[in-house]
Amino acid sequence: MLSNNEKLLQSDMFRGLSDDAARRLVSLGRRRICVSGEEILAQGGPGVHVVYVASGVVRLTRTESSGRDADIRVCEPGDFIAEYVISLGGSYAHDACAGALSELVFFEAAALRVLADECPQFQRNLLKISARHLLEAFDGIAGDRLHTAVQRVANFLLHHCPDAALQATIHLPYKKQILAGKLGLGPEALSRAFAALARCGVDVKGRTVRIENVMLLRQVC
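Because the structure is a prediction, the values reported are computed rather than measured.

1. What to know about the sheet that holds strand β5 (residues 69-75)
Spatial strand order, β2-β7-β4-β5: 4 strands in an open sheet with antiparallel pairing. The sheet is open, and its two edges are formed by β2 (39-41) and β5, each paired on a single side. Strand-to-strand twist across the sheet, computed as the mean angle between neighbouring axes with direction ignored, equals 35 degrees. Two elements, β2 and strand β7 (residues 95-98), share 2 bridges in a ladder whose sense is antiparallel.

2. Description of the pairing of strand β11 (residues 208-211)
Covered by surrounding structure in β11 are V209 and I211 only, the residues T208 and R210 on the alternate face being uncovered. Relative to β11, strand β9 (residues 168-171) runs antiparallel, the two sharing 4 bridges. From the neighbouring strand, I170 faces β11, where its bridge partner is V209. As defined by bridge partners, strand β10 (residues 202-205) adjoins β11 across 4 bridges and the pair is classed as antiparallel. Looking across to β11, one finds that V204 is bridged to V209. A loop of 2 residues connects β10 with β11, the two strands running antiparallel in sequence, and G206 in this loop sits at a positive phi of about 65 degrees.

3. Let's talk about the side chain of R73
Of note, R73 is situated in strand β5. There is a polar contact of 3.2 Å between the side chain of R73 and the side chain of H133. Other than its neighbours up to four places away in sequence, R73 contacts V58, R59, L60, D79, F80, H133 and E136.

4. As for the sheet that holds β9
The strand order across the open sheet formed by 3 strands is β9-β11-β10, and the pairing between neighbours is antiparallel. In the strand order of this sheet, the two ends are held by β9 and β10, each with one partner. Averaged over all pairs of adjacent strands, the angle between strand axes in this sheet comes to 15 degrees, irrespective of strand direction.

What counts and how
Residues numbered from 1 in each chain as written. Predicted model: local features only at pLDDT ≥ 70, side-chain atom pairs only at ≥ 80, totals over all residues. Heavy atoms only, no water. Pairing = 2+ DSSP bridges. Helix = DSSP H or I, 4+ residues; strand = E, 2+ residues; numbered from the N terminus. Axes fitted to C-alpha atoms, helices over the stretch in contact; angles between N-to-C directions. Buried < 20%, exposed > 50% of the residue type's maximum accessible area, 1.4 Å probe, protein only. Polar contact = N/O pair within 3.5 Å; in protein donor to acceptor, adjacent residues only side chain to side chain. Contact = heavy atoms within 4.5 Å.

Have a look at this one:
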């Protein structure tokens, strides 16, 4: 039951809502399990749902008229997808596809729009979610402009290292193809970056990464 999903109830969408508004919002959600590779939203399709990621991972991609596509965001547990259709309406600006077995919660945008008209706190919550997404987009653009592929991968690994660790072994949270998209890289560029980091004591076997010298890795950034 959605009422038992504590992480959803503690998300930005529910923050500060009255008990009545929170119960109403919970009643609007519909749980769905998606397998890896399953389409969730289609670019250009009518924007009828906002999606919450309860577990798993979801890739957002944008496709050009030529057929070329690119990852624009990787959504993880706690993220909301396509909240912009509540205020803008229209169609989805991207595709969304499950990158792993994922539990999602679908909310009808029209019902959320009515709730937003009646509840100022819910309006503020939606604004906060959109503002966070805007700042994340800024960070992504800055990373593309300021950091090399090797630096992007190094920063990602360091972010997942325990604090004050001198050595670390981490398990990549998703497949390398998804990681490449999250970092704005092609799969070949990601492989080259890992190969370059081998000189800094980074050993990659499947999704397990062993870092022999965390301080040396920090110097790459």
